[in-house]
Amino acid sequence: MSRTLIRGGLVITAADEVHADVLIDGEQVVALAAAGSAVAEGWTADTVIDAGGKYVIPGGVDAHTHMELPFGGTFASDTFETGTRAAAWGGTTTVVDFAVQSMGGALREGLDAWHAKAAGNCAIDYAFHMILADVNENSLKEMDLLVDEGVTSFKLFMAYPGVFYSDDGKILRAMQRGADNGGLVMMHAENGIAIDVLVGQALAAGKTDPRYHGEVRRELLEAEATHRAIQLARVAGSPLYVVHVSAQQAVAELAAARDMGLNVFGETCPQYLFLSTDNLAEPDFEGAKYVCSTPLRPKEHQAELWKGLRTNDLQVVSTDHCPFCFSGQKELGRGDFSKIPNGLPGVENRMDLLHQAVVDGHISRRRWIEIAAASPARMFGLYPRKGTIAPGSDADIVIYDPDAEQTISASTHHMNVDYSAYEGRQVRGKARTVLSRGTVVVDDDRYLGRAGHGRYQTRQTCQYLV
Ligand code: DUC
Ligand code: ZN
Ligand code: ZN
C-alpha cells in the first residue's frame, strides 16, 4: 500500500485548526502528528506533499447535485463523468445525487437507472438520495428496503404539480414511514399549486421574461410551504431537511422550529448567497441563466441566509448543481419563462465561493468546513468516512491555497455548460491538490483522475439528530 505524507500545512476541520502532518496509508488517513514531528515519529512515505503556507482540508461534500437530470424536456448538461470531474477540480470529493422515481414506476427501477448512469463514470465518490415522485403503498414499502441498503434520504416536492408534486397526505405518509425506518425526508418547499395559478396569470398578461419566474414564485409561498412541511413533520414525528432555502421568511420558519428543539434542518446554496433577482432581470434573455427553483431573491435576503449559517439555523450549503446550456436549453423558454429549464451550474465553484465568504468575514474557516463538508456528511450518514481528517477517515483531502487569486469564468471552468453563473467574479483561494481516497486526482492545474475511480457510497441514517 502506498503511503503519502502531507507536511507543513494548517489542518482545518469543523472542530480544529492545527499545524499538523497527515499520514495516509492506501485510501485512508492513519495518523496526524504535530507539525514537523513526522520524521521524529519515524514515519516513512512513498510520496511527500509539501503543504507549507496552505490549508489541508477535508474534501467538500456536495449533498445536492443533479447530473443528467431529465427536466423540462431536456437533460442537465453535466454527465456523471463531466460533473464529478468538475467537482474534483473545485475541491469537492463526494457528491450525493438524486435518483428519480418515475410516475407509476418503482423506486428500485429509478435507483437502478441512476446506478447505471453513474457506475464506472465518476471521478470522485458518490451516493444517492431518492426522489419520491409517486407515493403509494409499494413505494412506501420500498423506502424501508432502500434505507436498509444505504439510500437513507428521500426528496419530496410541494412544487411542480403533475411532475414531482406530492399532496399533503402523501407527504405525511412518507414522513410517517421515515419516522419508522430512519429515512430523512428532504423537502422542496414551495406551494406549487398557488405558483401555477400565478404563472398562468403572468403569461396571460404578457409577462414572459425570465424575471417573472422570480416574481410568481413568491417568498410567501416558500415560507408557507416551509411552515406546512414543519407542521407535517411534527405530526409524523419525523425529522425534516428543507432543501435550497432562499427566502428570509423561510429561514425564520426554520429558526422558529429549531428554537422549539425540533429536528428541522435547512440547506441553502451559493446562488442564493451571491446572486439575486438583479441577475434574473438581466436583459436580452440573459436572466434565463439564473432561473432555478426556489428562485433567486432580492439582495436583502442574503444577510438573513448568512446569519442563518452562522447561527446554525441553516446547517448545509450544497449547490443544487443542475446545469443547462444557455444555447439550446435555456432558450427553450424564450417567450415563456415557465419553459426555461430550472437549474444552475455550481458544483465546481462552491468551495471557492464559500472560502470567499471567509475572506469577506461572513463565516469562520472552521464554519466553512462545517457547512461544506462535515455537516453534509453527518446529515446524510457519511461521517467520519467523509467530511473530516482523522485516523480512519477516507483520505479525501484538499491542499487549499488561501492566497491564490482566480476569476471564475466559463472559459476556464470544467463543467459541461456554456456559461458561468459567476462570470468575472474574483475570488481568493483555490484547490491546488485534491486527493480522493489517497489518490491525487488534481494537482497544480493538471487533472490526474479517471472516470471510474469514484466509488458508490452506501450511507447510514442521519447522524445529526438531537
Ligand atoms: N430546482 C431546480 O432549480 N432544478 C431542478 C429541480 C429543482 O427543484
Ligand atoms: Zn428542489
Ligand atoms: Zn435539486
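Residues numbered from 1 in each chain as written. Chains lettered and ligands numbered in written order. Predicted model: local features only at pLDDT ≥ 70, side-chain atom pairs only at ≥ 80, totals over all residues. Heavy atoms only, no water.

Per an unreviewed UniProt entry, the protein goes by D-hydantoinase and derives from Wenjunlia tyrosinilytica. For the record of the protein, the UniProt heading Cofactor (unreviewed entry) holds the text "Zn(2+)". The record in UniProt for the protein states the following under Sequence similarities (unreviewed entry): "Belongs to the metallo-dependent hydrolases superfamily. Hydantoinase/dihydropyrimidinase family." (UniProt positions renumbered as here; feature names shortened; annotations may be inferred.)

(A) Representation of the side chain of Asp125 in the model. Relative to the assigned elements, Asp125 resides in strand E10 (residues 125–131). Looking at Asp125, the relative accessible area reads 0%, which means it is buried. Side chain to side chain, Asp125 and Arg437 meet in a polar contact 2.8 Å long. Apart from residues no more than four positions distant in its own chain, Asp125 is found in contact with Thr93, Thr94, Val95, Lys386, Asp394, Arg437, His453, Gly454, Arg455 and Gln457. (Helix = DSSP H or I, 4+ residues; strand = E, 2+ residues; numbered from the N terminus. Buried < 20%, exposed > 50% of the residue type's maximum accessible area, 1.4 Å probe, protein only. Polar contact = N/O pair within 3.5 Å; in protein donor to acceptor, adjacent residues only side chain to side chain. Contact = heavy atoms within 4.5 Å.)

(B) Broad picture of the sheet that holds strand E15 (residues 316–317). Taken in spatial order, the eight strands make up an open sheet running E6-E9-E10-E11-E12-E13-E14-E15, and their pairing is parallel. Among the strands making up the open sheet, the edge pair consists of strand E6 (60–65) and E15. With two bridges joining them, E10 and strand E11 (residues 153–157) adopt parallel strand pairing. Residue pairing in the sheet places Met130 in a bridge with Phe154 of E11. Contacts from helix H12 (residues 350–359) reach E6, strand E9 (92–100) and E15 within the one sheet, and its direction differs from that of E6 by about 115°. (Pairing = 2+ DSSP bridges. Axes fitted to C-alpha atoms, helices over the stretch in contact; angles between N-to-C directions.)

(C) Focus on the coordination of the zinc ion (ligand 3). Around the zinc ion (ligand 3), the donor atoms from the protein are His64 (NE2), His66 (NE2) and Asp320 (OD), and they sit 2.0 to 2.2 Å away. Taken in sequence order, the residues that donate to the zinc ion (ligand 3) follow the motif H-x1-H-x253-D. A gap of 3.9 Å separates the zinc ion (ligand 3) and the zinc ion (ligand 2). Of this pair, His64 sits in strand E6 while Asp320 sits in the loop between E15 and H12; the two residues are 256 residues apart in sequence, bridging distant segments of the chain. Assigned by exposure class, His64 and Asp320 land together as buried. (Donors = N, O, S within 2.8 Å, 3.2 Å for Na, K, Ca; no water.)

(D) Spotlight on the pattern of salt bridges. Under the defined criterion, the tally for this structure stands at 29 salt bridges. For Arg3, the salt bridge identified is with Asp25, shortest N-O distance 3.9 Å. Here the residue Arg3 occupies a position in strand E1 (residues 3–12), and Asp25 occupies one in strand E2 (residues 17–25), the gap between them amounting to 22 residues. A salt bridge links Glu149 to Arg108; its shortest N-O distance comes to 2.7 Å. You can see Glu149 sitting in the loop between helix H3 (137–148) and E11 and its partner Arg108 sitting in helix H2 (residues 107–118), a full 41 residues away along the chain. (Salt bridge = Lys/Arg side-chain N within 4 Å of Asp/Glu carboxyl O.)

(E) Here's a closer look at the coordination of the zinc ion (ligand 2). Every protein donor of the zinc ion (ligand 2) is accounted for by Lys155 (NZ), His188 (ND1) and His244 (NE2), and the metal-donor separations fall at 2.1 to 2.2 Å. Relative to the metal, the four donor atoms surrounding the zinc ion (ligand 2) lie at angles of 86 to 128°, and the coordination shape comes out tetrahedral. Here the donor residues for the zinc ion (ligand 2) map to a single chain with the spacing K-x32-H-x55-H. (Tetrahedral: all angles 85-135°; square planar, octahedral: opposite > 155°, others 65-115°.)

(F) Local environment of the side chain of Thr294. Considering the arrangement of structural elements, one finds Thr294 in the loop between helix H10 (277–280) and helix H11 (301–311). The buried category is assigned to Thr294, whose relative accessible area is 1%. From its side chain, Thr294 meets the backbone oxygen of His244 in a polar contact 2.8 Å long. In this view, Thr294 contacts His188, Ala189, Glu190, Glu222, His244, Ser246 and Tyr272; residues no more than four positions away in its chain are not counted.

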